[in-house]
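# Coordinates in review
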Amino acid sequence: MASGESTTTEEKDFRGRFRLGKVLIPVFLGMIAAGWLLWHDLSKERYERVTTGPGDFEWVGHPGSIIDLNDPEQFREVTDGTGEYKRMTQREMLGQIKWTW
């Protein structure tokens with residue numbers, strides 16, 4: 001029985017020292033950091049090939065070379081609607097997907 005009483009005393013001591021704020025502060029800081037990282041990553045712009053309609057940009061690289069969709073120096077803006085690419089953020093790309101279940 002003495003061990004049962006000591007456990008109860010230890011539990012009371014632990015509960016007396018435990019503060020919810022000590023746990024919630026790191027959790028909130030972690031959630032804020034994760035949210036900022038997600039927002040920052042989804043705000044990056046890149047060039048995507050347009051499947052429907054005219055694009056606003058055309059690729060100005062050499063034939064046979066690899067297209068870097070993240071490099072704005074490889075693309076030139078066109079105003080006559082002859083472009084094959086469009087500058088988009090990751091959020092815009094995710095918004096254009098037709099999600100089905």
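Check the entry above for the structure.
Description of the structure in this document. A quick note: this is a predicted structure, and the numbers were derived from the prediction, not measured.

### Remarks on the overall build of the chain
Helix and strand counts for the chain stand at 3 helices and 4 strands. Listing each helix as α and each strand as β along the chain from the N terminus yields α-α-β-β-β-β-α. Over its C-alpha atoms the chain spans a radius of gyration of 27 Å, topping by over 25% the 13 Å that the globule rule assigns to 101 residues. By its C-alpha atoms, the chain is 85 × 35 × 25 Å across when sized along the principal axes. Evaluated residue by residue, the chain yields a buried proportion of 11% over its 101 residues. Summarising the internal contacts of the chain: among those between residues at least 6 apart in sequence, 59% fall at separations of at least 24. When the accessible surface of the chain is totalled, it reaches about 8,700 Å², and 59% of it is carbon and sulfur.

### Section: the pattern of salt bridges
A side chain of one charge can pair with a side chain of the opposite charge if their charged atoms are brought near each other. For the coordinates displayed, the defined rule picks out 5 salt bridges. In this structure, Arg49 engages Glu84 in a salt bridge whose closest nitrogen and oxygen atoms are separated by 3.1 Å. Placement of Arg49 in strand β1 (residues 45–49) and of Glu84 in the loop between β3 (75–77) and β4 (85–89) is noted, with a sequence separation of 35 residues between them. Classification of Glu84 by relative accessible area gives partly exposed; the value is 44%.

### Some remarks on the side chain of Thr89
Its place among the elements puts Thr89 in strand β4. Contacts of Thr89, omitting those with residues within four sequence positions, involve Leu42, Ser43, Lys44 and Glu45.

### Notes on a nonpolar patch on the surface
Nonpolar side chains collect at one region of the surface, where Phe14, Phe18, Leu20, Val23, Leu24, Val27, Phe28 and Met31 lie side by side and expose about 770 Å² of accessible area between them. Here the nonpolar patch takes 6 residues from helix α2 (residues 20–42), the largest share from any one element. Within the fold, Leu24 resides in helix α2. Of the residues examined, Leu24 reaches a relative accessible area of 34% and is grouped as partly exposed.

Rules and cut-offs
- As a convention, each chain's residues are numbered from 1 in the sequence order in which they are written.
- pLDDT decides what is reported in this predicted model: residues at 70 or higher carry local features, side-chain atom pairs at 80 or more are listed and counted, and totals for whole chains, interfaces and linings draw on all residues regardless.
- Excluded from the side-chain calculations are hydrogens and water; all other atoms, namely the structure's heavy atoms, are used.
- In this text, helices come from DSSP runs of H or I with a minimum length of four residues, and strands from runs of E with a minimum of two, each type numbered from the N-terminal end.
- What the globule rule says is 2.2 Å times the number of residues to the power 0.38, and the radius of gyration is computed from C-alpha atoms.
- Relative accessible area decides the class of each residue, using a 1.4 Å probe on protein chains only: under 20% of the type maximum gives buried, over 50% gives exposed, and in between gives partly exposed.
- Any two residues whose heavy atoms approach within 4.5 Å at even a single point are treated as in contact.
- The Shrake-Rupley method, run with a 1.4 Å probe, gives the accessible areas here. Residue values count only the displayed protein chains as cover.
- A side-chain nitrogen of Lys or Arg and a carboxyl oxygen of Asp or Glu constitute a salt bridge if their distance falls within 4 Å.
- Residues with no salt bridge and a relative accessible area higher than 30% make up the patches, which join like charges within 9 Å and nonpolar side chains (Val, Leu, Ile, Met, Phe, Trp, Tyr) within 5 Å.

Everything listed is a geometric property; what it means functionally is a separate question.
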